[in-house]
Amino acid sequence: MSDDPLVLGDRSFGSRLLVGTSRYPNLRVMQDALDASGAEIVTVSIRRLDLKAGGAGVLDAIDRERYTLLPNTAGCYTARDAILTAQLAREALGTNLIKLEVLGDDRTLFPDVTQLLEAAQVLVEDGFTVLPYCNDDPVTCQRLESLGCAAVMPLGAPIGSGMGIRNPYNLRIIRELISIPVIVDAGVGTASDAAIAMELGCDGVLLNTAIAGARNPVSMARAMRLGVEAGRLAYGAGRISTKLYATASSPLDGMLGTKITPQ
């Protein structure tokens, strides 16, 4: 299981870590962090990019031969704006991949489910490979799958919070109910959070702030890579069941000596 690919639409990827490109101290640090992460997919915010030719910017710093761009609709609050942003991304970057975000408010940055479903339906019908950022709600994830989305991306915690996986039980339910990839998006703070997401059976982790905002982004990027890999291996290996009482690692049957029974 450790080396099986992550399949999104008609594309396959070896890495299950997806990383963002914003908030780094500078473009050089971003490049080094992307390299250390081992990621093959990097997200870019279309509404924050200068798509005009010329000038050093995020797009100029990304090796398009090495990385697959995943444009996102960050900053959109209506289905209409998200659809238009996705269409602009396809025209400018030549890709049908889109990370769909439709936010409900600017304080929690939680998705607006009604607007998200509307936008997802339109974009799927328009030929996009849609990866929607959504709540960790099994019902919403099932509806997104039924619309034809290539994956679902439930939040682990609020965007940029670093609080980790707040509701592992919902993520387990989502994993059991749907057949498309489940990629945890938002809330991951450190490598152990990424490992937990993968141990729950998720197919990937997308993050940005946890790397870009770390004291040493390059080292954190490598840690996230290892966390995702370790979590995937552990999930495939099958963890032991949890028990309330101890079970000796070495069997006691047949040992020399007298059994002492507490009085």
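Each remark here, short or long, concerns the structure printed above.
What you see is a predicted model, and the numbers here were worked out from it, not measured in a lab.

1. Brief notes about the environment of Ala119
Looking at where Ala119 falls in the secondary structure, it is placed in helix α4 (residues 113-125). Here Ala119 is in contact with Ala79, Ala82, Ile83, Leu100 and Val102, once residues within four sequence places are set aside.

2. Let's talk about the layout of surface pockets
Size it by volume and the second largest pocket reaches roughly 260 Å³. Forming the walls of the second largest pocket are Pro168, Ile196, Glu199, Leu200, Ala234, Tyr235, Gly238 and Arg239. Its residues placed into classes, the lining of the second largest pocket shows five nonpolar, one polar and two charged.

3. Considerations on the packing of helix α7 (residues 191-199) against helix α9 (residues 217-237)
Between α7 and α9, the shortest axis-to-axis distance is 7 Å and the interhelical angle comes to 25 degrees. Classified by the interaxial angle, the pair formed by α7 and α9 is roughly parallel. As for the relative orientation of α7 and α9, their crossing is right-handed in sense. In this structure, α7 uses Ala191, Ala194, Ala195, Met198 and Glu199 to contact α9, whose residues at the interface are Ala223, Met224, Gly227, Val228, Gly231, Arg232, Ala234 and Tyr235. Split into classes, the residues belonging to the contact of α7 with α9 amount to nine nonpolar, two polar and two charged.

4. Details of α4
Compared with the 18 Å implied by 1.5 Å per residue over 13 residues, the 18 Å span of α4 between its first and last C-alpha is a close match. Every buried residue belonging to α4 is among Leu116, Leu117, Ala119, Ala120 and Leu123, and all of these are buried. Its side-chain oxygen at 3.2 Å from the backbone nitrogen of Thr114, Asp112 defines the N-terminal cap of α4. One or two steps after α4, the chain reaches Gly127, where phi turns positive at roughly 90 degrees.

5. Some words on the pairing of strand β5 (residues 68-72)
Summarising burial for β5: five of the five residues are buried, a large majority. Judged by which residues are buried, β5 turns out to be covered on both faces: Thr68, Leu70 and Asn72 on one side and Leu69 and Pro71 on the other are all buried. Note: strand β4 (residues 41-45) against β5, five bridges, orientation parallel. Its bridge partner being in β5, Thr43 is matched across the sheet by Leu70.

6. What to know about the pattern of salt bridges
Counting across every chain of the model gives ten salt bridges. Where Arg232 meets Asp4, a salt bridge forms, and the shortest distance between an N and an O atom there is 2.9 Å. Linking Arg232 in helix α9 with Asp4 in the segment before β1 (6-8), this pair joins segments that are 228 residues apart in sequence. For Arg232, a relative accessible area of 6% puts it in the buried group. By relative accessible area, Asp4 is classed as partly exposed at 26%.

7. Here's the deal with the environment of Ala210
With respect to the element layout, Ala210 can be found in helix α8 (residues 209-212). With relative accessibility at 12%, the residue Ala210 sits in the buried group. In the structure, Ala210 is positioned 106 residues away from Gly104 in sequence and 23 Å away in space, judged by C-alpha atoms. Once residues within four sequence positions are removed from consideration, Ala210 is found in contact with Val188, Gly189, Met220 and Met224.

8. Quick look at the nonpolar core
Of all hydrophobic cores here, the largest spans 62 residues; its most connected members are Leu100, Val152, Val205, Ile211 and Met224. Of the residues forming this core, the biggest block, six residues, is contributed by helix α3 (residues 79-93). With 13 residues, the next largest nonpolar core counts Leu6, Leu131, Met153 and Ile183 among its residues.

Thresholds applied
Residues numbered from 1 in each chain as written. Predicted model: local features only at pLDDT ≥ 70, side-chain atom pairs only at ≥ 80, totals over all residues. Heavy atoms only, no water. Helix = DSSP H or I, 4+ residues; strand = E, 2+ residues; numbered from the N terminus. Contact = heavy atoms within 4.5 Å. 1 Å grid on protein atoms, 1.4 Å probe; cavity = no way out; pocket = protein on both sides within 12 Å on 5 of 7 lines; lining within 4 Å. Points joined across faces, edges and corners; volume = space filled by probe spheres on them. Nonpolar A, V, L, I, M, F, W, Y, C, P; charged D, E, K, R; others polar. Axes fitted to C-alpha atoms, helices over the stretch in contact; angles between N-to-C directions. Parallel < 35°, antiparallel > 145°, perpendicular 65-115°, else oblique. Left-handed = near helix turned anticlockwise from the far one by under 90°. Expected span 1.5 Å × (residues − 1). Buried < 20%, exposed > 50% of the residue type's maximum accessible area, 1.4 Å probe, protein only. Polar contact = N/O pair within 3.5 Å; in protein donor to acceptor, adjacent residues only side chain to side chain. Pairing = 2+ DSSP bridges. Salt bridge = Lys/Arg side-chain N within 4 Å of Asp/Glu carboxyl O. Core = buried A, V, L, I, M, F, W, Y, C linked by side-chain atoms within 4.5 Å.

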